[in-house]
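Residue strings, one per chain:
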Amino acid sequence: MTKCVGVLTSGGDTPGLNAAIRALGKALQGCYSTQMIGFYDGFRGLAQDRSVRLDEGALSGILTVGGTILGTSRDKPHKMPIGNQVLDMTEACVQTYERHHLDALVCLGGGGTHKNAMRLKEAGLNILTLPKTIDNDVVGTDVTIGFDTALGIATEAIDRLHSTATSHHRIMVVEIMGHRVGWLALGAGIAGGADVILIPEIPYEVESVAAAIRKRGRAGKRFSIIAVAEGALTKANVEELHKALAQKKSADNKDEKKKAAAVIDQLVTAHSHNTLRLAEQLAELTGVEARTTILGHVQRGGAPSAADRLLATKLGTRCASLIHEGRYGVMVGTTKQETVVVPLEEVAGNRKYVPLDHPWIDSARRAGAALGD
Ligand code: F6P
């Protein structure tokens, strides 16, 4: 019987997903006479058995196309909203896999996807994953599909903000995606020559950012660019959060736990407005007019960069050869230009933060950027 492999894309989309689907499918069909089908909208399409045959024709012309031809969602197999209920659809996913006589299922995704892929592995499926997210926070790989494209977009945005900041002698605060990690803000901040770079890994003080702007003023620089990751927190935010988390941990009854959880939710919501607040505070503290730009999903849209197409093709084709060899339960990543095969257990549930001794942090400081600490 001809072999058949399933593929799905899950979590936030990124440029380069189609390039990866194409590479995987072409290598499976061309090198190993293996067919491929795609499931729509991540794990939801798998649970509901909504699929499409990805033959030569379907894979043609998608290398340069942004987004994912399969659609995506943030649904989890074990907790899926169906109608007005939340159901465990793990068994439905297993049944779809069996109905199609799949030899393996390839899941393209970030942190959440890896946890879900692990669950399906534990349910007995032959799972492989490819790491994708513009956040670049998947462990076991130097870089994820989509990061380079987003880095280019965010850097270009900072370049463009420079000219208008100079003309108007303003502070330009630019928010860059990255809820938990600062790879994108740090990379784009350095590449775009931001004067201050704020990332979740280094809690900041507003006064310290204001001091950096004043120092620039004294040196005759009448504008400043502040690159801030969406998840960057002040030192005070971090203290509040730690306190609330400790309260939740030590709560000895359900009601207290609920109350503590509500406080945490409130804090998280309040922190999501940090960028706008920061611009106001900086204007007040420095007397310099400030404006905010939130780049948002622009960073996830459009055609993948050449580097992302190369990465997606490298990982997709390697994944096909692993399936041919019967190696499952792994993520295909890359370190030092080589592809690496990492057990899912090492990836699922972990997050790759920017290490405080990372060369980018040292370079940013030496090149004159303030990091708000
Ligand atoms: O996980 C990637 C990411 O782009 C984050 O940087 C961002 O916080 C989040 O997705 C946004 O998610 P959504 O598209 O679901 O709003």
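Thresholds applied
- Residues numbered from 1 in each chain as written.
- Predicted model: local features only at pLDDT ≥ 70, side-chain atom pairs only at ≥ 80, totals over all residues.
- Heavy atoms only, no water.
- Pairing = 2+ DSSP bridges.
- Helix = DSSP H or I, 4+ residues; strand = E, 2+ residues; numbered from the N terminus.
- Axes fitted to C-alpha atoms, helices over the stretch in contact; angles between N-to-C directions.
- Contact = heavy atoms within 4.5 Å.
- Expected span 1.5 Å × (residues − 1).
- Near = heavy atom within 4 Å.
- Polar contact = N/O pair within 3.5 Å; in protein donor to acceptor, adjacent residues only side chain to side chain.
- Areas by Shrake-Rupley, 256 points an atom, 1.4 Å probe, with all protein chains shown as cover.
- Buried < 20%, exposed > 50% of the residue type's maximum accessible area, 1.4 Å probe, protein only.
- Domains from an automatic or database assignment.
- Buried area = accessible area lost by both parts, 1.4 Å probe.
- Salt bridge = Lys/Arg side-chain N within 4 Å of Asp/Glu carboxyl O.
- Nonpolar A, V, L, I, M, F, W, Y, C, P; charged D, E, K, R; others polar.

## So, the sheet that holds strand β7 (residues 127-131)
Next up, step 1: Judged by pairing direction, the sheet is mixed, and its seven strands sit side by side in the order β3-β2-β1-β6-β7-β12-β13 without closing on themselves. Across the chains shown, the open sheet's two edge strands, defined by having one partner strand only, are β3 (51-53) and β13 (338-343). Taken over all neighbouring pairs, the strand axes of this sheet differ in orientation by 30 degrees on average, direction set aside.
Next up, step 2: Examined bridge by bridge, strand β1 (residues 4-9) and strand β2 (residues 35-39) share four bridges and lie parallel to one another. The residue of β2 that forms the bridge with valine 5 is methionine 36.
Next up, step 3: Contacting β1, β6 (104-109), β7, β12 (330-335) and β13, helix α12 (residues 306-325) runs over the sheet at an angle of about 140 degrees to β12.

## A few points about helix α8 (residues 206-218)
Next up, step 1: A rise of 1.5 Å per residue sets the reference length of α8, with its 13 residues, at 18 Å; its end C-alpha atoms lie 19 Å apart and thus fit the reference within 8%.
Next up, step 2: Packing partners of the buried residues in α8 comprise β8 (171-176), β9 (196-198), β10 (224-229) and α11 (274-286).
Next up, step 3: Phi for glycine 220, located one or two positions after α8, is positive at around 90 degrees.

## Things to note about the site of the ligand
Next up, step 1: Surrounding the ligand, one finds Arg74, Thr133, Ile134, Asp135, Met177, Gly178, His179, Glu230, His297 and Arg300.
Next up, step 2: In this structure, histidine 179 approaches the ligand through a side-chain N or O atom, which is 2.8 Å from an oxygen atom.
Next up, step 3: For the ligand, an oxygen atom lies 2.4 Å from a polar atom in the side chain of glutamate 230.
Next up, step 4: In the complex, the protein chains occlude 71% of the 400 Å² of accessible area that the ligand would expose alone.

## Focus on unusual backbone geometry
Next up, step 1: Even without being a glycine, histidine 101 presents a positive backbone phi close to 50 degrees.
Next up, step 2: Of note, histidine 101 is situated in the loop between α4 (90-99) and β6.
Next up, step 3: Overall, histidine 101 belongs to the exposed group, its relative accessible area being 52%.
Next up, step 4: In this model, histidine 169 sits at a positive phi of 55 degrees, which is unusual for a non-glycine residue.

## Things to note about the domain arrangement of the protein chain
Next up, step 1: The domain boundaries assigned to the protein chain delineate domain 1 (4-146 + 304-347) and domain 2 (150-300).
Next up, step 2: Taking only C-alpha atoms, the centre of domain 1 and the centre of domain 2 are 33 Å apart.
Next up, step 3: For the domain 1 and domain 2 pair, buried surface summed over both sides reaches about 760 Å², with 53% attributable to carbon and sulfur atoms.
Next up, step 4: Among the residues domain 1 hides against domain 2, the three largest losses belong to Asp13, Ile134 and Asp135. Together they make up 57% of the total.
Next up, step 5: Counting across the interface, domain 1 meets domain 2 through one salt bridge.
Next up, step 6: Measuring nitrogen to oxygen at the nearest pair gives 2.9 Å for the salt bridge that ties arginine 300 to aspartate 13.
Next up, step 7: Remark: the boundary between domain 1 and domain 2 carries three residue pairs in polar contact (both at pLDDT 80 or more).
Next up, step 8: Across the side of domain 1 that touches domain 2, the residue classes tally to two nonpolar, four polar and four charged.

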